Each structure stands twice: as structure tokens, then as C-alpha cells.
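Topology and contacts: notes
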Amino acid sequence: MQSLKSSVFLVILHLLEGALSSSLIQLNNNGYEGIVIGIDPSVPEDETLIQQIKDMVTQASPYLFEATGKRFYFKNVAILIPENWKTKPDYVRPKLETFKNADVLVAETSPLGNDQPYTEQIGMCGEMGERIHLTPNFLAGKKRSQYGPQGRAFVHEWAHLRWGVFDEYNNEQKFYLSKGRPTPVRCSKAITGKNEVQKCQGGSCFTDRKCRFDKLTGLYEKGCEFIPEEQQTEKASIMFAQSIGSVVEFCAEKNHNAEAPNLQNQRCNLRSTWEVIRDSEDFKKTTPMSTQPPRPTFSLLQTGKRIVCLVLDKSGSMSSGNRLNRMNQAGKLFLLQTVELGSWVGMVMFDSTAYVQSQLRQINSGTDRDALTSSLPTVATGGTSICSGLRSAFTVIRKKYPTHGSEIVLLTDGEDGTISGCFNEVKQSGAIIHTIALGPSAAKELEQLSKMTGGLQTSASDQAQNNGLIDAFAALSSGNGALSQRSIQLESKGLALQKTQWMNGTVILDSTVGNDTLFLITWTTQPPQIFLWDPSGRKQNGFVVDKNTKMAYLQIPGTAAVGVWKYSLQASSQTLTLTVTSRASSATLPPITVTTRMNKDTGKFPSPVVVYANIRHGASPVLKARVTALIESVNGKTVTLELLDNGAGADATKDDGVYSRYFTAYDTNGRYSVKIWVVGGRNAATQIAMPQQNGVMYIPGWIENGEIKWNSPAPETNNKLQMKQVCFSRTSSGGSFVASNVPKAPIPDLFPPCQITDLKAKIQGDNLINLTWTAPGDDYDHGRAYEYIIRISASILDLRDKYNDSVQVNTTNLIPKEANSEEVFVFQPENFANGTDLFIAIQAVDKANLKSKISNIARVSLFIPPPESPSPTEISTVCLKVNSTISGLQFFKIMWKWIGEMQVSLGLH
């Protein structure tokens, strides 16, 4: 366990802005360390689950080692145990490990009965995934027949998580035409089995019959399944079916099925999984081991009460731009609402030295919250010594608890040339440090402090109406507390009013929230008139007015009414803001949540930054929401960006509840803050479960000694459940990123159109090919491309590797539409015979002649259906004519041949 402790302190993390922290995994001498497996607090206490997790990882390690050519193994793992489980002497307090940064989450099924292991992957090929999801039923071995041994399945998911590869099966299209014949989607092609139609009744399945051909498509009929032989000799591939006993390798160039229509080919440009793994940073910095690896070691960590210390800048620069008062307004929100009951909170302020404002105090009531808010600084003076503030915070915490696993919220607006002098102390403390950079001159080292400790990195400009400082504090909910206790921000708006202007609006409270609801209003000069009405039209009174801090707030007693709350604020020539927060309405009903991040912490021009917003109702994705990112540069310029869940451009998967978009509108170097605004209307829906992808394949059955043994039917995972009157609103701080290498205006056009990733092709009419895709833009997924280049080939690899030499389709009349519009194009291929497999790809070109990457490759088989079968009357007529002209023996031979041909054409043989 000591190895795990030391390695965590030295790790430099891949930052996931908008989440509390990020993965702690690192590779050390071929062994993966710092893996965090969290048991969700909703899972009933069961000590056997801990042993089952250990068994799975222990079985997986040698399988991973052999599958990767003796390169990688699992060295140590931290198992995060919920606070509500019984304490034990061998359970220790976590350091940087939280449920928010857990690499694997063990939770009950959603919906009930769906135990498929899967990995959240929101990025592109080769990019690390977000998190592996497992269920107690899976870990207990209750789904072994469907998903295979737990250790093997874990290696399948690890490849998704660590190396960003994808599945080599396809639940939506289980067969494809190859040279005119239906072929199962599999990798490698050497995997053997039978094609059978399954019939299920009463929870059990059996063989109905062999699969028939669909004479119109040439494929097998709907419901046909490929059933693998239990005994195989083929060694690949783990990303197809690691549950097959002989499979111990990933597909490589020698056995990869590049033609199979699966996600691995679509997302990874036809490359095999081993090629992607081979290109990873992990692979580049390791060599094969000559000895067997040691068994994994485990540490058992149990979460406890939250410990947090505010470290707030009160230096002289905080007196400008109303910064000190804005900090106090935001700090008061954090203390009154964001930090959870039962937490221990202390406060330190600093200028050129540090001052302890409050020792650790447990928040058990409103009295405790009020006592802490009264300690907020009132005067700004002096220099800036960040290390003094941090050291004092460590002292405050150590008086009651060890510093490891505690949190520090550090806010500053100034530079400090000595900050690196306490980096080693920070690492050794084991504390998580969340940094808030206020204004353009805040220390550049703040990002490094957050990264080295797994904290949240945010920034706020001096534009008070953007409410950035309050949003930053509102985002600091616990990484380990129960979801029902976390503060959720419903609304955050600001407006610079002119003369006697009104600020009017509405706030939606949905049925998943309502407890501990707080309306908070701030101003800059004089208290405004405040009017607030609940959904029944009843005016709400009782706002607590704090003239010193220039804020007013109202706590709604009990559970706030579901519906639309209306407000009207009026003041003369000043800036007003409104913030609304709440908590879950029930411990058993999960609230709708928004988690935000970027794909990188530094946007180096002209490389775009991708902004993601993951919207969930419990474990289920929320679809059809309107999601907007507000991205503010250090000079106060704000860009509005609509995020999409359309499976195009920056968005990897359609309808998975992850909304994303490229950001290219750089205007200066420095920090950019991100805020996400989400509104769900009555058309919003929650999908019952994640799409059946990026996870272990469900095996419908096995062939044992020539006989098919079917598994129970697979659970439905693609149905969409319309929630009754789904109206909700959420606001979320998305953290920040730093832009560099941005040239001075005018900024040159160096952004090409984004790659088309959703190209689809199908035969229409007499061998016409119908293409559909989502339009890219002039700059990635913004604006309008200038033209398309479409090419076709009978060789999929030639099209990929020799694109410019492939046949070009005439696209004279094809004018690109605005980005994210649906494109449709129909053309007639020439000089290709019936039965030819045809492959198509597109490249977009912008007005500066910058070209996109070549799209995913779509395929069709030029298949001419056989002629329609004659009717019984026609058959009778033919028989009479033939019978009158030939002998009986000749007639019998001709009819026998003709009937055989008809049976073949109908798929009866």
C-alpha cells in the first residue's frame, strides 16, 4: 500500500475540467498503479463484493500481460468503500481518490436486469475513456455465460478505457455482404459458428430454424444470430469476444477484418486494435518484460466526512473591480448552501502573510454556517503570498485531521513568484486543491496546483454580470458525498441594468430536485426591488438582506413546488445577478445532473478545444435537451456555443446524453472560463440505458458438441422512455482552459472542416447509391464548407491509403449546407459489376482550400435482387405448356431443377 501512496503524490494528472478531479492512473515499470474502483453508495453493504473485485483484477492481470506481449499488468488498485458501510480497522481514509475520479464504478443495474459491463467513451479513437461500469451481479459471476469470465471482460473494458479502442461486433448490423454473401461481423474471420434464428418465450430461448436470406437485400433475415462454437483455435480478438476460450490476443494487421462494419473500423480508420494500442504513449515508453509480473495489491479506502478549508486572497489588488465583495458573495453561497451538512470547514485569508479566520468547524446547523460567513474578510490590503495561505490551511486541518484527503479552495487574483516553493509540501500533504483564478493577473501556476492534486480548475473575469465567481464556488460540491446531498445549480444569470430597467425571467424546478432550494440575488450599489412567485402564483416573501455584502437570499422551506417560478428584479444603473441552487427531492430518486469537461487544459492555436456536457438522470442519459456553452476569454469577450448530441463533428456518439462541440473562436492568449446552461423541454427524454456499444458483447448462445445452448434473451437497451412533462434547467461551471500561440488580429483561417464521421450508404432503386451524412463547417463544425470530394473504390484499403487515386464522383450540383445539417446525395456508380463490394468516402474543403480528414468509409454491395417468383397460376400455365411438348421424364428433370433454383433464391436452402 506504501507504493500506492507514494505514486499518487508524484502523478501528473490528465485534467478533466468540470469534474472534481481526474484519473490517478499511471504506468510505472509496465505496471498500472493508482487505479480506483469505487462502490457506489447506493449498493447494499456486502463484504463479498470486495473480494469479488480483487478476484476479477487478479484474474485479469496475467490475461492482460499475455495479450499485450508481456508489456502491461495491474500493479495496485484502491477500492473505495462508501461511508454508509460499516467501518473496519483495515479501511483507511482516501487521499486523492473520490467517486468522481473513480476509473471503475460498481453500481446496481439500470434498468434492472441489464448487467452488461461497458465503458463511457466520449472521445475519438486513441483517446482515454471516462469510466468502466460494472454491476454486483456481474462481479458475482451470475452473468458468466453471457459475458464470459470477469477477468477477461475487465481486460476488454480496460482497452476501451486506457487506449481508446472500440468494439469489433455490431449489435445494430450483425451481418454484412462480402462478395455477395452474408457474413457475420466478427474479428477475426476465423471465428467459427452457425447462423440461426432464435425464438424466446417466457425467459428461455431455443432454435427456431436456420437463417433465411432476404431476397431484396441479400442479407439474412431479421432475428438471425451468429452463434460461436465453444471450442475454437483462433486467438483473436479480445475486442470481439474475449469470452471465447481460445481468444487471448487483440486483432492485429495479420488477422484484422477491415471490412466489418463495426465501431473499431468506423472510428479508427480501419486500423486494428493492436495498431491503436501500439501507437499509445503507454506502448512507446515500455518494453516487454522477461519475468512474470507480481500479483496485484489492493488498498481498502473508506470515505468519511468532508474536510475543506477556504484560502482566500485579501491582498490590495482585491480592492479593485469590487473583487473582495464578489469573493465574499460567492464564499457566502458556498458556506450557506454548497458545502454539505456534516462537513468540517475552516477559513484562512492571506496577503503577504496568512491569517486564520476560523479553525475547522462542523456544519450541523444554520448557526454554524452563519458563524463561518461572519469570518469572511472585509478589508483588502497588502501583497500576495499564496504559500503562506496554503501552509496555514495545512496547520488548521492538522489540528483535527490528517491533511490527506482534505480539500483546499484557493482563490487569488494576483501573481506570486514564490509559489513553486511550496509545491513539494502540497504534494506531500495529499490534499486536493481547487483553484479559482480571478481576473487576468492571477498566478499562472494555479493550473499546476490543481493538476498535481486532482482539483477543480476554474477562473472568473471581472465582468460581474457573468456571475463567474459564484458559479465557480457553486461547482465545489463533494466528490464523495451521496448524490442526494450535493448542491445542484439550477440557474445563474446576470444583467447590467440601465436606468430603471427590469430583470425578468423564470426558473424551472423539476420533480428530481426541490429540497433546500435557495434563491440568491447580488447587486453592486443599491438593493433592488425583488419579486418572486411560485408556480401557483403566490408571491414569496422573507428574503434575508445583507447590505454589507450586497446580497439577498431566500431559503424555500421543505420541498419547493415543482413548476415554473417567476422573478422580477428592478434597480437603477447597476449589475444584478440571480443564482438558484437546490438538492435532490428524494434519496431514492436521482436528480438530473450536468458534468462538464474539456478534452485538454491548454488550447494551442490552431488546435481546437472540445467542450463536453454529460447530462444524466441517474445512470440514464438525457436526450433532446438544449445545451449552451458560454466561453469567456480573459479580456471579457464571451462566445456562445450550442453543444450537440448528433454523433457528428466533435460528438462521438449520437443520443448518448453527451453533448459536445469544437471551440475555435480564440481571440487572445490566457485563461478562458466555461459555463454550461441546459434547458430540457417537454420533448426531452431519458434513455433507459447507454447504447449497446463500447462494452462486452452479449453472447446469445454457444455451440457445444454440435448442439446450440441458448442464453436467456438479452435485455433491451435502446428503448427510450418519455418522462412525463420533462422540463428542467441546470447551470454548471465548466472549469477553464488556457489558450496559447494565438496570433494578433486579424487571426488567420487555419481551421479546416471537421472530419465527417457518420457517412452512411445504401442501395436505392436500380443500383443507385444513397449517401447521408452530417454537414461539417468551414471551421471544424462551424459555418459552411465550400465543396465535397467523394471517391469510391472496390478496395477498402486502397480507398483509405490511396484516396486521391480512387474514382471521383461527379458532385457538381452538390452544394454544402450549413454545419450540422443533414446532407443527402444520390449517384449512379459506373463500371462496377453486380455483386461488387463498393466503398465510399468524403472529404470536405473550405474556402481557404483547407481539407478535412477523410471520412469514415461507408460500404454497399451492388446486389440485384432475383426476379419475383411466379404465382401458382403462372406455374400451372408453365406446367401445361411444358407437359404438352416434352416427355414425362424430361418434364420431371426440368421441374426439379427449376424448383431447386427457386428455393435457393428464396433462401430455403
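See above for the structure.
Keep in mind it's a predicted model, so treat the numbers as computed, not measured. (Residues numbered from 1 in each chain as written. Predicted model: local features only at pLDDT ≥ 70, side-chain atom pairs only at ≥ 80, totals over all residues. Heavy atoms only, no water.)

This part covers the overall build of the protein. Helix and strand content of the protein: 18 helices and 48 strands. By residue count, 58% of the 909 residues in the protein fall in the buried class. Long-range pairs, those at least 24 residues apart, make up 76% of the contacts in the protein between residues at least 6 apart in sequence. (Helix = DSSP H or I, 4+ residues; strand = E, 2+ residues; numbered from the N terminus. Buried < 20%, exposed > 50% of the residue type's maximum accessible area, 1.4 Å probe, protein only. Contact = heavy atoms within 4.5 Å.)

Our next topic: the sheet that holds strand E1 (residues 26–28). Ordered in space as E1-E2-E4, the 3 strands form an open sheet in which the pairing is mixed. Whereas interior strands pair on both sides, the edge strands pair on one side only; in this sheet they are E1 and strand E4 (73–74). Bridge count for E1 against strand E2 (residues 31–33) is 3 bridges, and the pairing is antiparallel. Paired with Asn28 across the strands is Gly31, a residue of E2. (Pairing = 2+ DSSP bridges.)

All right, on to empty space enclosed by the protein then. All told, the structure shown has 6 cavities of 30 Å³ or more when counted by the stated rule. Each pocket or cavity is described by its volume, and for the largest cavity that value is around 110 Å³. Around the largest cavity sit 13 residues that line it, and Arg326, Gln329, Ala464, Thr522 and Thr577 are the ones nearest its centre. Elements represented by at least two residues in the lining of the largest cavity include exactly helix H10 (323–338), helix H15 (468–474) and strand E28 (575–584). In terms of residue count, H15 provides more of the lining of the largest cavity than any other element does, 3 residues in total. Residues of the lining of the largest cavity, tallied by class, amount to 4 nonpolar, 8 polar and 1 charged. (1 Å grid on protein atoms, 1.4 Å probe; cavity = no way out; pocket = protein on both sides within 12 Å on 5 of 7 lines; lining within 4 Å. Points joined across faces, edges and corners; volume = space filled by probe spheres on them. Nonpolar A, V, L, I, M, F, W, Y, C, P; charged D, E, K, R; others polar.)

Compared with the 30 Å implied by 1.5 Å per residue over 21 residues, the 31 Å span of helix H2 (residues 47–67) between its first and last C-alpha is a close match. Looking at H2, one finds that the buried residues are Leu49, Ile50, Ile53, Met56, Val57, Thr58, Ala60, Ser61, Tyr63, Leu64, Phe65 and Ala67. With its phi angle positive at about 65 degrees, Gly69 sits one or two positions after the end of H2. (Expected span 1.5 Å × (residues − 1).)

The next point concerns the side chain of Asp368. Tracing the backbone through its elements, the reader meets Asp368 in helix H11 (residues 366–373). Polar contacts involving the side chain of Asp368 include one to the side chain of Arg361, which spans 2.9 Å. Not counting residues up to four positions away in its chain, the partners in contact with Asp368 are Arg361, Gln362 and Ile363. (Polar contact = N/O pair within 3.5 Å; in protein donor to acceptor, adjacent residues only side chain to side chain.)

Looking now at the sheet that holds strand E12 (residues 204–210). Overall, antiparallel pairing links the 3 strands, which are arranged E12-E11-E13 in an open sheet. Of all strands in the sheet, those bounded by a partner on one side alone are E12 and strand E13 (224–228). Along the sheet, successive strands turn relative to each other by an average axial angle of 55 degrees, direction set aside. (Axes fitted to C-alpha atoms, helices over the stretch in contact; angles between N-to-C directions.)

For Asp370, the location among the structural elements is in helix H11. Remark: the alpha-carbon pair of Asp370 and Lys332, spanning 38 residues in sequence, is separated by 8.8 Å.

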